[in-house]
Amino acid sequence: MAVIFGQLQIALPLAVDLEAFRDPAQAGKIRTALQALADAAAGLDGHGKGFDAGGRYLARSLERDARRALQYFEERKYDSAEFFIGQLAESCIGCHSRLPSPGDAPLARRVAP
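Counting restarts for each chain: residues are numbered from 1 in the order of the written sequence. Selection of residues for local features in this predicted model requires a pLDDT of at least 70, selection of side-chain atom pairs for listing and counting requires 80 or more, and totals for whole chains, interfaces and linings are taken over all residues. With hydrogens and water excluded, all non-hydrogen atoms of the structure serve as input to the side-chain values.

**Considering the packing of aromatic side chains**
Thinking step 1. Working definition: rings of Phe, Tyr and Trp (its six-membered ring) pair if their centres are within 6.5 Å, and the pair is stacked with planes under 30 degrees apart, edge-to-face with planes over 60 apart, and tilted otherwise. Tallied over the full model, the rule gives five aromatic pairs.
Thinking step 2. Ring plane angle 65 degrees and centroid distance 5.6 Å describe the contact between Phe 73 and Tyr 78, whose orientation is recorded as edge-to-face. Note on accessibility: Phe 73 and Tyr 78 belong to one class, buried.
Thinking step 3. On the basis of an interplanar angle of 85 degrees and a centroid distance of 5.1 Å, the ring pair of Phe 83 and Phe 84 is categorised as edge-to-face.
Thinking step 4. For each residue, the accessible area found with a 1.4 Å probe, counting protein chains only, is set against the maximum for its type, and the residue is called buried under 20%, exposed over 50%, and partly exposed in between. On the basis of relative accessible area, Phe 83 is assigned to the partly exposed category, the value being 47%.
Thinking step 5. Residue class for Phe 84 comes out buried when judged on its relative accessible area of 12%.

**Digging into the packing of helix α3 (residues 27–42) against helix α5 (residues 53–74)**
Thinking step 1. Between the N-to-C directions of two axes lies an angle of 0 to 180 degrees, each axis being a line fitted to C-alpha atoms and, for a helix, fitted only over the stretch in contact. Strands are runs of DSSP state E lasting at least two residues, helices are runs of H or I lasting at least four, and both sets are numbered from the N terminus onward. Contact geometry for α3 and α5: axes closest at 8 Å, N-to-C directions at 155 degrees. By the angle class used here, α3 and α5 are roughly antiparallel. The two elements α3 and α5 cross, and the hand of that crossing is left-handed. Judged by residue contacts, Ala 27, Ile 30, Arg 31, Leu 34, Gln 35, Leu 37, Ala 38, Asp 39, Ala 41 and Ala 42 of α3 engage Leu 62, Glu 63, Ala 66, Arg 67, Ala 69, Leu 70, Phe 73 and Glu 74 from α5. Each angle receives one of four descriptions, namely roughly parallel if under 35 degrees, roughly antiparallel if over 145, roughly perpendicular if within 65 to 115, and oblique otherwise. Here is the rule for handedness: rotate from the far helix to the near one, and if that takes an anticlockwise turn smaller than a right angle the crossing is left-handed, while a clockwise turn gives right-handed. Should any heavy atoms of two residues lie within 4.5 Å, those residues are counted as being in contact.

So, in structure tokens, the structure goes:
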């Protein structure tokens, strides 16, 4: 989960900055983040075994959307890649909002200061 969160912190801000997302100087950073997201999301199958059907769906969606974001980025279909990066964030929020709250979430403060 820490890898997913860390890579999303890199990819999401770039995906909402149209110039930065299309900047060839950022391509390696974005590609690396998306690949790491996809690889880490593939490991969520084991993490989500105790989830209900909705939680398992969200875990599978995370991997699928990460792979699509990477594919579209590689194809330079930036609008589609940006969309799927947004979907990644929605899947994370959707899953975590279903869990009991342990109280304050210090990591979440790093997403939007």
